[in-house]
Amino acid sequence: MHKILITGGAGFIGSNFVRFLLGVEPDLHVVNLDALTYAGSLENLENLPNPDRYSFIKGNICDRILIDTLLRKYDIDTVIHFAAESHVDRSILGPEQFIQTNINGTFTLLEAVRQYWIGKKGDSVKDVRFHHISTDEVFGSLDSGAPAFSEETPYAPNSPYAASKAASDHLVRSYGHTYGLPYTITNCSNNYGPYQFPEKLIPLMILNAMVGKPLPIYGDGQQIRDWLYVEDHCEAILTVLQHSQPGKTYNIGGENQPANLTIVETLCEILDELLPDSPFRPHSELMTFVTDRPGHDRRYAMDISKIKKELGWQPRHSLDSGLLKTVQWYLDNSQWVDAIRKQQKYQGWIEQNYEKRGN
Ligand code: NAD
Ligand code: DAU
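Within each chain, residues carry numbers counting from 1 in the order of the written sequence. Just so you know, chain letters begin at A and ligand numbers begin at 1, following the order they were written in. Reporting in this predicted model follows two pLDDT cut-offs: at least 70 for local features of residues, and 80 or more for side-chain atom pairs to be given and counted; totals over whole chains, interfaces and linings ignore these cut-offs and use all residues. Remark: hydrogens and water are excluded; side-chain values derive from all non-hydrogen atoms of the structure.

This paragraph deals with the overall build of the protein. Helix and strand content of the protein: 12 helices and 11 strands. Here the globule rule reads 2.2 Å times residues to the power 0.38, and the radius of gyration is calculated from C-alpha atoms. In summary, the protein has a C-alpha radius of gyration of 20 Å against a globular reference of 21 Å for 359 residues, a match within 12%. With respect to the three principal axes, the spread of C-alpha positions in the protein is 65 × 45 × 40 Å. Evaluated residue by residue, the protein yields a buried proportion of 56% over its 359 residues. Only carbon and sulfur atoms are counted for the fraction: they give 49% of the accessible area of the protein, which is about 15,200 Å². Positive charges are assigned to Lys and Arg, negative charges to Asp and Glu, while His and the chain termini are left out of the count. One atom stands in for each charge, and that atom is NZ of Lys, CZ of Arg, CG of Asp or CD of Glu. Once the 33 positive and 44 negative side-chain charges of the protein are each reduced to a mean point, those two points are 6 Å apart. Numbering of helices and strands runs from the N terminus, with a helix taken as a DSSP run of H or I at least four residues long and a strand as a DSSP run of E at least two residues long. Each residue gets one of three labels from its accessible area relative to the maximum for its type: buried under 20%, exposed over 50%, partly exposed in between, using a 1.4 Å probe on protein chains only. Using the Shrake-Rupley algorithm and a 1.4 Å probe, accessible areas are obtained, with residue cover drawn only from the displayed protein chains.

In structure tokens form, the structure reads like this:
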């Protein structure tokens, strides 16, 4: 039986992955370590399948003593590292916590597994794996018409968030090269779907539109992201864990790259259809152009031919089907939505990020 430590499993992608993994893999025990920052919530983890195979620990990945204890107590053989500060706008307004969690936290985990796995098992470290969840943002921004990012694209991170993720990727790679740590890294594009905290584009627009608030579009709205439904990301991570050799990195993406404006227009159309009695129809009238994000990356696109060819993974959801499911989920989960809306720190963030943005 595999004993898996998942970090950041109370956040958006982590909680989707915990739910997915417990549902599809009978032969494992999952230990979920999460500090429950503003972005993490136990409500994301209600009604998990097979709860007897699951333990939750509230704690920080920078806490070395705690990590050492968990590795030993559960005899962990696999770490899947999601925990991070993940929002670019927050990294612009306050980068320090990004350095702390994304760089120092990753370093703490790496040191702990190095001593536990390599120290304990000498050179036979084949049966363990450190899987690091990273982002396409480490590659920087693409000019219009430039080829999509491949695994060979040089790193050129532009925001403090992206730089902190790039640093953590480099640390992971160096532990493989120097100490023989069996690692894998996946660099994924923009995820969307259930349980995403409504600071990110898609859930923010859905929540604002539902109550007739402006839909703030940064700059000209022509920035391009590569969108992937979160369940497809979960399948890709499991595929890499099960089938990849250690020491490999894979790009993951959705193979669709609409402009932000198109995303928001599509969300408005879906809401118009699903909420025929809304006083805010047509929701597109709520769209408002606001001051751009400083240093805003213009375009991301992922070349996913390596993971397709070597491991046979490809996304199952089209953008239309994924967006429809996502909007429906937010409409169906008003309790989850209301709990966040009521949080003072959420309202504080909305004021901090949007009130001075102007048009
Ligand atoms: P999120 O912000 O929703 O969740 C992050 C989780 O990590 C939260 O539960 C939080 O409580 C926890 N956490 C933060 N600091 C911690 C610490 N010091 N110790 C323990 N737990 C801590 O993030 P997400 O969107 O789910 O992203 C998860 C991972 O995937 C991140 O590493 C992110 O860089 C990466 N990623 C995200 C996307 C995306 O589109 N969201 C795309 C590619 C890669
Ligand atoms: O590319 C992967 C990355 O995607 C992940 O590594 C990050 O963790 C994740 O947050 C996401 O980063 P982005 O900055 O691309 O996501 P965000 O949802 O914040 O913004 C998506 C696009 O929408 C971006 O071009 C900025 C724009 N935007 C965002 C918000 C919140 C707006 O126009 N208005 C907004 O209010």
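Around ligand 2, the surrounding shell holds 25 residues, and the nearest of these are D136, Y161, N190, R293 and Y354. Between ligand 2 and D136 there is a distance of 2.5 Å, counted from an oxygen atom to a side-chain nitrogen or oxygen. Separating an oxygen atom of ligand 2 from a side-chain N or O atom of R293 is a distance of 2.6 Å. Protein chains shield 95% of the accessible area of ligand 2, which is 680 Å² for the free molecule. If you list the elements that add at least two residues to the shell around ligand 2, you get α6 (201–210) and β8 (215–218). Near, as used in this document, describes a residue that has one of its heavy atoms within 4 Å of the molecule or strand being considered. Within 3.5 Å is the distance limit for a polar contact, defined as a pair of N or O atoms, with the added protein rule that one can donate a hydrogen and the other accept it, and that residues adjacent in sequence qualify only through two side-chain atoms.

Grouped together as the largest cluster of nonpolar side chains are 36 residues, with contacts concentrated most on I202, L267 and L323. Counting residues per element, the ones that place at least two in this core are α6, β8, β9 (227–229), α8 (260–274), α10 (319–332), α11 (334–342) and α12 (344–354). Sorting elements by how many residues they give to this core places α8 first, with 7 residues. Delimitation of the domains relies on an automatic or database domain assignment. Both domains that meet at this core, namely domain 1 (3–189 + 227–254 + 299–312) and domain 2 (194–224 + 258–291 + 318–343), each give it at least three residues. Once residues lying within four places of it in the same chain are set aside, the contact partners of L323 are Y192, I202, I263, T266, L267 and I270. The nonpolar core is taken to be a set of buried Ala, Val, Leu, Ile, Met, Phe, Trp, Tyr and Cys residues, with the residues joined through side-chain atoms within 4.5 Å. Of all hydrophobic cores here, the second largest spans 28 residues; its members include Y74, V125, V128 and Y175. The criterion used for residue contact is that any of the two residues' heavy atoms lie within 4.5 Å.

Attention now moves to the layout of surface pockets. Points on a 1 Å grid over protein atoms alone make up a cavity when a 1.4 Å probe fits among them but cannot get out, and a pocket when they form an open set with protein on both sides within 12 Å along at least five of seven lines; lining residues each have an atom within 4 Å of a point. Grid points are joined across faces, edges and corners, and a volume is the space filled by probe spheres set on the points. In this structure, the second largest pocket spans a volume of roughly 310 Å³. Secondary structure elements with two or more residues in the lining of the second largest pocket: β1 (2–7), β4 (78–81) and α7 (230–243). Broken down by element, the lining of the second largest pocket gets its largest block of residues, 3 residues, from α7. For the lining of the second largest pocket, the per-class residue count stands at 9 nonpolar, 3 polar and 6 charged. Polarity classes work like this: nonpolar for Ala, Val, Leu, Ile, Met, Phe, Trp, Tyr, Cys and Pro, charged for Asp, Glu, Lys and Arg, and polar for all others, with Gly in that last group.

Under the convention used throughout, the expected extent of a helix is 1.5 Å for every residue step, that is, one less than its residue count. A rise of 1.5 Å per residue sets the reference length of helix α1 (residues 12–24), with its 13 residues, at 18 Å; its end C-alpha atoms lie 19 Å apart and thus fit the reference within 8%. Counting buried positions along α1 gives 10 out of 13 residues, so the element sits mostly inside the fold. Of all the residues in α1, the buried ones are F12, I13, G14, S15, N16, F17, V18, F20, L21 and L22. On its buried face, α1 is in contact with β1, β2 (28–34), β3 (54–58), β4, β7 (190–192) and α7.

In short, shape yes, function no, at least from these values alone.
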